[in-house]
Amino acid sequence: MRLFVDQLTNVDFSYLCPERGLLGETWLASIHLVGSLDAQGMVCDFGKIKKHLRQWLDDTLDHKLLVPGESSALAIEQNDNSCQLNFNYGENLNLHTTGPHSAFCLIPIARITPESVASWCIEQLQGDFGDGVTNIELRFTPEQISGPFYHYSHGLKKHQGNCQRIAHGHRSAIEIWRNEQPCLDTMAQIANEWRDIYIGTRADITGKDETHWEFTYSASQGAFHLRLPKSCVYLMDADTTVENISAHLAAKLKAQYPQDRLIVKAYEGLGKGAEVSC
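Quick summary incoming for the structure in this document. What you see is a predicted model, and the numbers here were worked out from it, not measured in a lab.

1. Focus: the side chain of threonine 97
Phase 1: Within the secondary structure layout, threonine 97 lies in strand S6 (residues 93-100).
Phase 2: With a relative accessible area of 1%, threonine 97 lands in the buried category.
Phase 3: Residues within four places of threonine 97 in sequence aside, it is in contact with Leu65, Cys83, Gln84, Leu85, Phe104, Ile166, His225 and Leu226.

Below, the structure written as structure tokens:
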């Protein structure tokens, strides 16, 4: 018997890509359990599946930086309190970050993909759903977005939860209307400019050179640091909440079209975000 829960939940995170560097992402998680029926006529109670898997994914992947621990481009140093990563990618590009262990998910694989992460998760979940379950199938899929979208990473130092982690992210749609008409060209332009972007706050800059920005702050979970190429950074004056991102884009567009009515709808991952009218 096969039990399934499709699109049970989603996870928002960033990961290290050998071609593109720091990449924000959002995946939908679906699970199938294969097993025999118990005395209740069930393979496993749906309530247990949903509660356990959601919590496990929240604790393990969500709002973290996923790290391919077996990548030859990666160097790791760890102590009792923190983890330090150095990652080379693309054509002579480099990223360096430090943070508490809770900010990272180190996976013993060479490359982060939906399939490789799912295989590792299945290994960790074996036995969690009872003796009657003989096989677990877990699938991660990106949201099907019909319009423009971009991958972004950020960190929110004032957040009391996991958003404070300096390198977590999302795969996000952008919708813009000008005088009640969709602005497809503007949406595509923003999505292209922010294809693989880190949106940083100017107040968090603690260093720079000709090629890199450095961001540093302390939050309730610990001290965070990130150094990455200027070519993949977009700077804002405010903290990079989705509310401030949508307001920032709306203000930029209003300066271009002061007489027009504009609506900017910026998403933060799947089905949530902020909308500004001006």
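Structure shown, so let's carry the discussion forward.
2. Some words on unusual backbone geometry
Phase 1: One non-glycine residue with positive phi stands out, namely histidine 63, at about 60°.
Phase 2: The residue asparagine 92 is not glycine, and still its phi comes out positive at about 60°.

3. As for the sheet that holds strand S2 (residues 21-35)
Sheets are built from strands paired through backbone hydrogen bonds, the pairs being either parallel or antiparallel.
Phase 1: Read from one edge of the open sheet, five strands run S7-S3-S1-S2-S8, paired in mixed fashion. A strand with exactly one partner marks an edge of an open sheet, and here the two such strands are strand S7 (104-107) and strand S8 (133-142). Neighbouring strand axes in the sheet, compared pairwise and without regard to direction, differ in orientation by 40° on average.
Phase 2: The sheet contact formed by S2 and S8 spans nine bridges and is antiparallel. Bridge assignment links alanine 29 to a residue of S8, and that residue is phenylalanine 140.
Phase 3: Each of strand S1 (2-17), S2, S7 and S8 is contacted by helix H1 (residues 46-60), which is oriented at about 5° to S1, the strand it contacts most.

Parameters at a glance
Residues numbered from 1 in each chain as written. Predicted model: local features only at pLDDT ≥ 70, side-chain atom pairs only at ≥ 80, totals over all residues. Heavy atoms only, no water. Helix = DSSP H or I, 4+ residues; strand = E, 2+ residues; numbered from the N terminus. Buried < 20%, exposed > 50% of the residue type's maximum accessible area, 1.4 Å probe, protein only. Contact = heavy atoms within 4.5 Å. Pairing = 2+ DSSP bridges. Axes fitted to C-alpha atoms, helices over the stretch in contact; angles between N-to-C directions.

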